[in-house]
Amino acid sequence: ERGNELLKEFAGFLGQSKKVEQMFCRETADYFTGIYYYEETKELIDWYEDLSSWLEEYGHQHHEVFQLIFKIGFYPVENQRELMSLNQMYNRAKMVQQSIKHSKDVNYTFYSDEIWQIRVRESEIASRMKEALDSGEFQVYVQPKTDVNNDNHIIGGEALVRWVEPSGAIISPIHFIPL
């Protein structure tokens, strides 16, 4: 009940603005979507900081023992090089928001072509993983652990995995382990 009350009050806070050029809606659960007209990027950051201040004040007023954090992804339309549908812009904003969802230090981010390319590559890698596992493209190597105080005798090993594609290209673990 408290969560629903918060969401209703938050929606009311978003609706307080008198700007005709903006619109916000509750998408699902605790996801909100909006269109916000701005002239400079700093306006978006200031707007985000106002939202964060409202959430902090809400927590103090209601004696909440948890911290409320608003994670947001921005898709600035001036970055648009081609005609794009509202749905495509929404997907890009949501994609960058999800890229910071588990970050403790970053609460907002802006879309960039570089982030988009990284996410496309991650999606391609993730979609190929099961097939690669089934076809034996993952290879295990054992890196020996030695006792430097005892003539460097091998005392164990660390298993390392490498993904070797049929073409011979190696996909670095830094790209597939997090996925």
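Refer to the structure presented above.
Residues numbered from 1 in each chain as written. Predicted model: local features only at pLDDT ≥ 70, side-chain atom pairs only at ≥ 80, totals over all residues. Heavy atoms only, no water.

## Here's the deal with the environment of K104
Convention followed: Helix numbering and strand numbering both begin at the N terminus, where a helix is a DSSP run of H or I of at least 4 residues and a strand a DSSP run of E of at least 2.
Residue position: K104 is located in the loop between α3 (86-99) and β4 (108-110). Distance in space between the C-alpha atoms of K104 and G12 is 27 Å, their sequence separation being 92 residues.

## Thoughts on the side chain of K71
In plain terms, the rule: Partly exposed residues are those whose accessible area sits between 20% and 50% of the maximum for their type, while under 20% is buried and over 50% is exposed, using a 1.4 Å probe and protein chains only. A positive count includes Lys and Arg, and a negative count includes Asp and Glu. His and the chain ends are not counted in either. Here, a salt bridge means any side-chain nitrogen of Lys or Arg that lies within 4 Å of a carboxyl oxygen of Asp or Glu. N or O atoms closer than or at 3.5 Å make up a polar contact, with two conditions inside protein: a donor-capable atom paired with an acceptor-capable one, and, for residues adjacent in sequence, both atoms drawn from side chains.
Note that K71 resides in the loop between α2 (41-61) and β3 (72-74). D105 provides the closest opposite charge to the buried, salt-bridge-free K71, at an N-O distance of 8.0 Å. A polar contact of 2.4 Å, which involves the side chain of K71, links it to the backbone oxygen of S103. Polar side-chain contacts of K71 include one of 2.7 Å to the backbone oxygen of V106.

## A closer look at helix α1 (residues 2-15)
Under the convention used in this document: By definition here, a helix of n residues has an expected span of 1.5 Å times n minus one. Any two residues whose heavy atoms approach within 4.5 Å at even a single point are treated as in contact.
Here α1 spans 20 Å end to end across 14 residues, near enough to the 20 Å set by a 1.5 Å rise per residue. Each element contacted by the buried residues of α1 is listed here: β1 (23-28), β2 (31-35) and α2.

## Focus on the pairing of strand β6 (residues 153-164)
Within a regular beta strand, the side chains point alternately toward one face of the sheet and then the other, so they alternate between its two faces. Formally: Strands pair, by our definition, only if DSSP identifies at least two bridges between them.
Alignment of strand β5 (residues 138-147) against β6, held across ten bridges, turns out to be antiparallel. For V142, the partnering residue across the bridge sits in β6 and is A159. Hairpin geometry of β5 and β6 is characterised by an intervening segment of five residues between the two adjacent antiparallel strands and by a positive phi of about 55° at D151. The sheet contact formed by β6 and strand β7 (residues 170-171) spans two bridges and is antiparallel. Within the sheet, the bridge partner assigned to W163 lies in β7 and is I171.

## What about the sheet that holds β6?
Rule in force here: Angular values range over 0 to 180 degrees, each being the angle between N-to-C directions of two axes fitted as lines to C-alpha atoms, with helices fitted over their stretch in contact.
Spatial strand order, β5-β6-β7: three strands in an open sheet with antiparallel pairing. The open sheet has two free edges, formed respectively by β5 and β7, since each of these has just one partner strand. Here helix α4 (residues 113-134) sits on the sheet and contacts β5, β6 and β7; the angle it forms with β6, its principal contact strand, is near 110°.

All quantities given are derived from atomic positions and should not be read as evidence of function.
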